[in-house]
Amino acid sequence: MIFLTGNKSNFYSPSNKDGYVRPNISYNISDQWKVVLGVNLPWGEDDLTEFGQMKKIKIVMSDFDIVFKTRSEYKPMGFDRKGHWEGVYAAKTPAEVSWYQINPAVSLELIASSGISHTGRIIDVGGGASVLVDKLLGQGFQDLTVLDVSSKALDYAKERLGSRAEAVKWLQADVTEFEFPGKYELWHDRAVFHFLTDPRDRKRYVEVMTKAVKPGGHVIIAAFALEGPSKCSGLDVERYNSDKFKKELGNSFHLIKSIDEIHATPWKAEQKFTYCYFQTSVLRESNRP
Ligand SMILES: C[S@@+](CC[C@H](N)C(=O)[O-])C[C@H]1O[C@@H](n2cnc3c(N)ncnc32)[C@H](O)[C@@H]1O
């Protein structure tokens, strides 16, 4: 049997003026397996989301995808994270998204204050098409990795860097599900953790990060501040101050510094961010003799 769904959980709309729908067709192959074919349909006029400035419904053909899932895994109301973000980057250029920065000044300031050497391993988690990697290459950092769930976002960054992209490792993955191959001295995340509204996803993120950062390593994490927007890109976000970050990250991460920033979107709306810089314990419980 084939059926078409456009149910509520596939519909993100912070106001009446914009939204995002992901209808899908699914086919039961057997009792165990179901195939789902989905497509993103973003539209809107509202400045609050990434779909602001779009005047018409736009079907993003490149976003058709087929998802195979066992029946036990399949959640009809589930959120397709990769599909969502591929749709965002197909609908807008990097300079049109609300989080675009010409110069990621606060991130660069905190990275400099960590004292990491130019040979230290740095990862930008959910780096998307951010120019942070360009700036760090320009400063002489030699061991850079950018991870993002959207391959389209990474393609934008690679294209912009041209041959300089070869000096960077690019990973397309969902951070909450990724097994990092090595350890990093510095973990940077601007505006990714705040999308994890399910406590189970946050727990997984912290577990992944704890394994991936060296003892004595550095974590710079930025999110919308408590007074910041409650949505981004049509999705709900969890907002933070330094105390809330400390609780989420747990005792192995020691807060060194926190900075608030008022970010101006490309359409001049103001969004308050909180950046926190943590250092991990030199000797973790698990490493103690
Ligand atoms: C608001 S943007 C911020 C991009 C970049 N950090 C910056 O500051 O310009 C969020 C980014 O995180 C990526 N993302 C969202 N959830 C993710 C996840 N679970 N794993 C990896 N990347 C994710 C999105 O594709 C998007 O590029």
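None of these values were measured; they are calculated from a predicted model. (Residues numbered from 1 in each chain as written. Predicted model: local features only at pLDDT ≥ 70, side-chain atom pairs only at ≥ 80, totals over all residues.)

In terms of regular secondary structure, the chain is built from six helices and 16 strands. Here the chain, with 289 residues, has 35% of them falling under the buried criterion. The long-range fraction of contacts in the chain, counting pairs at least 24 apart against all pairs at least 6 apart in sequence, stands at 66%. (Helix = DSSP H or I, 4+ residues; strand = E, 2+ residues; numbered from the N terminus. Buried ≥ 20, exposed ≤ 12 C-beta atoms within 10 Å, placed from the backbone. Contact = placed C-beta atoms within 7 Å.)

Our focus in this paragraph is the site of the ligand. Every one of the 20 residues lining the ligand counts as a neighbour, but Trp85, Gly126, Gly128, Ser130 and Arg190 are closest to it. Of all the elements in the fold, those that place two or more residues in the shell around the ligand are helix H1 (81-91) and strand S9 (143-148). Its residues placed into classes, the shell around the ligand shows 10 nonpolar, six polar and four charged. (Near = placed C-beta within 6 Å. Nonpolar A, V, L, I, M, F, W, Y, C, P; charged D, E, K, R; others polar.)

Quick look at the nonpolar core now. Within soluble globular proteins, side chains that are nonpolar generally end up buried alongside one another. Judged by nonpolar contacts, the single largest core of 53 residues is most densely connected at Trp187, Val219, Ile221 and Ala223. Sorting elements by how many residues they give to this core places strand S12 (residues 213-224) first, with seven residues. Counting the residues that make up this core, at least three belong to each of domain 1 (2-92) and domain 2 (105-287). If sequence neighbours within four positions are ignored, alanine 223 has contacts with Ala191, Phe193, His194, Arg239, Tyr240, Phe273 and Thr274. (Core = buried A, V, L, I, M, F, W, Y, C linked by C-beta atoms within 7 Å. Domains from an automatic or database assignment.)

Here the focus is the confidence of the model for the chain. Chain-level statistics for the chain give a pLDDT mean of 82 and a share of 71% at 70 or above. Note on residues 43-77: pLDDT under 50 across the span, and 88 contacts to partners over four residues away in sequence or across chains. Here residues 285-289 is a poorly scored stretch, pLDDT under 50, and it has two contacts once near neighbours within four places are set aside; other chains count. (pLDDT = per-residue confidence, 0-100.)

The next point concerns the sheet that holds S9. Strand order in the open sheet formed by seven strands is S10-S9-S8-S11-S12-S16-S15, and the pairing between neighbours is mixed. At either end of the open sheet lies a strand with only one pairing partner, and these are strand S10 (168-172) and strand S15 (253-264). Each adjacent strand pair in this sheet contributes to an overall mean axis angle of 15°, direction not counted. One ladder, built from six bridges, connects strand S11 (residues 184-190) with S12; its direction is parallel. Bridge assignment links aspartate 189 to a residue of S12, and that residue is isoleucine 221. Against the sheet, helix H5 (residues 199-212) engages S11 and S12, with an angle of about 140° to S12. (Pairing = 2+ DSSP bridges. Axes fitted to C-alpha atoms, helices over the stretch in contact; angles between N-to-C directions.)

Bridge analysis of S9 against S10 gives five bridges, and the strand direction is parallel. Considered in S10, the bridge of valine 146 is made with tryptophan 170. Handedness of the crossover joining S9 and S10 through helix H4 (residues 151-161): right-handed. (Right-handed = clockwise from strand over helix to strand, strands pointing away.)

One can describe the packing of H1 onto H4 by two numbers: an axis separation of 7 Å at closest approach and a directional angle of 40°. Judged by the inter-axis angle, H1 sits oblique to H4. Between H1, through Trp85, Glu86, Tyr89 and Ala90, and H4, the contact on the second element is made entirely by Lys152, Ala153 and Tyr156. (Parallel < 35°, antiparallel > 145°, perpendicular 65-115°, else oblique.)

The two faces of the sheet receive side chains in turn, since in a regular strand these alternate between them. Across the 12 residues of S12, nine count as buried, placing the element largely inside the fold. Once the chain exits S11 it traverses H5 before rejoining the sheet at S12, and the crossover so formed is right-handed. Examined bridge by bridge, S12 and strand S16 (residues 270-280) share seven bridges and lie antiparallel to one another. Bridging across to S16, valine 219 finds its partner in phenylalanine 278.

A few words now on H1. Three or four residues apart is the spacing at which side chains of an α-helix point the same way, because the helix has 3.6 residues per turn. The buried fraction of H1 amounts to eight of the 11 residues, a majority that puts the element mostly inside the structure. Along H1, the positions that sit buried rather than exposed are Gly83, His84, Trp85, Glu86, Gly87, Val88, Tyr89 and Ala91.

Here alanine 225 shows up in the loop between S12 and strand S13 (231-232). C-beta crowding within 10 Å serves as the criterion here: with 22 such atoms nearby, alanine 225 is assigned to the buried category. Other than its neighbours up to four places away in sequence, alanine 225 contacts Arg239, Tyr240, Asn241, Asp260, Lys272, Phe273 and Thr274.

Here the focus is the environment of arginine 239. Within the fold, arginine 239 resides in the loop between strand S14 (235-236) and helix H6 (242-249). Residues arginine 239 and alanine 222, 17 residues apart in the sequence, show an inter-C-alpha distance of 10.0 Å. When near neighbours in sequence (up to four residues on either side) are disregarded, arginine 239 contacts His194, Ala223, Phe224, Ala225, Leu226, Gly228 and Ser230.

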